[in-house]
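# Close look at the chain arrangement
Listed below are the residues making up each chain.
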Amino acid sequence: MLATKNLDPTDVVALSGGHTIGLSHCTSFTGRLYPTQDPTMDQTFANNLKVICPIANSTNTTVLDIRTPNIFDNKYYVDLMNRQGLFTSDQDLYTDSRTRGIVTSFAIDQNLFFQRFAVAMIKMGQLSVLTGNDGEIRANCSARNAGKTSVLVSAVEELPVEEARSGF
């Protein structure tokens, strides 16, 4: 599906590197812990997650990258190589032979990750761009905003171009 959007496996692995920062609710990954642990998950990592998320429907949160949770870097890929990917889709990038080499190359070479992340973000930014009243800046990236337009879009549209750019 992503190939039809002009994204190749390297783009997908690079974009997944965005998980080097951020948080997740326990309910997004406890299926890997309960009722039985995902065998692709490191045991110590799993035990630490069970302390944070003692039950499958816990409302607690944890970081996506245990090494450097507040720094945009390549440690997410190091996590994957150590079987410490939080989401199944993340860990699959390393367990799948088609993407394992890409994960390894990003874990070894942070500059390569940065370069490929930039390329992939540019590609993503060119997909189905919606402008004016057709687009929106989401307050929550996983859900559409209530109503047809976003307050943020309206506010940005009213600013002079240079002032709007300085806010980003």
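Residues numbered from 1 in each chain as written. Predicted model: local features only at pLDDT ≥ 70, side-chain atom pairs only at ≥ 80, totals over all residues. Heavy atoms only, no water.

As annotated in an unreviewed UniProt entry, the protein chain carries the name peroxidase and is attributed to Hibiscus syriacus. We quote the UniProt Sequence similarities (unreviewed entry) comment for the protein chain here in full: "Belongs to the peroxidase family. Ascorbate peroxidase subfamily." For the protein chain, the Function (unreviewed entry) comment in UniProt is given as "Removal of H(2)O(2), oxidation of toxic reductants, biosynthesis and degradation of lignin, suberization, auxin catabolism, response to environmental stresses such as wounding, pathogen attack and oxidative stress. These functions might be dependent on each isozyme/isoform in each plant tissue." (UniProt positions renumbered as here; feature names shortened; annotations may be inferred.)

Attention now moves to the overall build of the protein chain. For the protein chain, the helix and strand inventory stands at eight helices and two strands. Here the protein chain holds 168 residues, and the buried ones make up 31% of them. Long-range contacts, defined here as pairs at least 24 residues apart, represent 61% of the contacts in the protein chain between residues at least 6 apart. Working note: accessible area of the protein chain is about 10300 Å², and carbon and sulfur atoms make up 57% of it. (Helix = DSSP H or I, 4+ residues; strand = E, 2+ residues; numbered from the N terminus. Buried < 20%, exposed > 50% of the residue type's maximum accessible area, 1.4 Å probe, protein only. Contact = heavy atoms within 4.5 Å. Areas by Shrake-Rupley, 256 points an atom, 1.4 Å probe, with all protein chains shown as cover.)

Once that is clear, we can look at the pattern of salt bridges. Enumeration according to the criterion identifies five salt bridges in this entry. A salt bridge links R116 to D11; the nearest nitrogen and oxygen atoms lie 3.5 Å apart. Here R116, found in helix α6 (residues 110-125), pairs with D11, found in helix α1 (residues 9-16); they are 105 residues apart in sequence, far enough to count as distant. Given a relative accessible area of 26%, R116 falls into the partly exposed group. Taking the relative accessible area as the measure of exposure, D11 reaches 0% and is therefore buried. Salt-bridge contacts for K123 lead to D11; the nearest nitrogen and oxygen are separated by 2.7 Å. Separated by 112 residues along the polypeptide, K123 in helix α6 and D11 in helix α1 bring together distant segments of the chain. Of the residues examined, K123 reaches a relative accessible area of 22% and is grouped as partly exposed. (Salt bridge = Lys/Arg side-chain N within 4 Å of Asp/Glu carboxyl O.)

Here we come to the packing of aromatic side chains. Using the criterion set out here, one finds nine aromatic pairs in the structure. Geometrically, the ring pair formed by Y77 and F106 is edge-to-face, given 5.2 Å between the ring centres and 65° between the ring planes. With Y77 in helix α3 (residues 75-81) and F106 in helix α5 (residues 100-108), this residue pair connects regions lying 29 residues apart in the sequence. Residue classification places F106 among the buried positions, given a relative accessible area of 1%. (Phe/Tyr/Trp six-rings, centres within 6.5 Å; stacked < 30°, edge-to-face > 60°.)

The subject of this paragraph is the environment of V103. Mapped onto the elements, V103 comes out in helix α5. Not counting chain neighbours up to four residues away, the residues in contact with V103 comprise V13, Y77, L80, M81, L93 and Y94.

This brings us to the side chain of D79. Note on placement: D79 falls in helix α3. Dropping the residues within four chain positions of it, D79 is found in contact with L64, D65, I66, R67, Q84 and G85.

We now examine the UniProt feature "binding site: Ca(2+)" (unreviewed entry) in the protein chain. Following the UniProt record, one finds the feature "binding site: Ca(2+)" (unreviewed entry) at T20, D65, T68 and D73. Judged by maximum C-alpha separation, these annotated positions cover 54 residues in sequence but sit close together in space, the widest gap being only 9.9 Å. Within the secondary structure, T20 is located in the loop between α1 and β1 (23-25). Those residues in contact with T20 that sit more than four places away from it in its chain are D65, T68, P69, I71, F72, D73, K75 and Y76. Note that T68 resides in the loop between β2 (61-63) and α3. Ignoring anything within four residues of it in the chain, the contact list for T68 reads T20, D73 and K75. For T68, the side chain forms a polar contact with the side chain of D65, separated by 3.2 Å. (Polar contact = N/O pair within 3.5 Å; in protein donor to acceptor, adjacent residues only side chain to side chain.)

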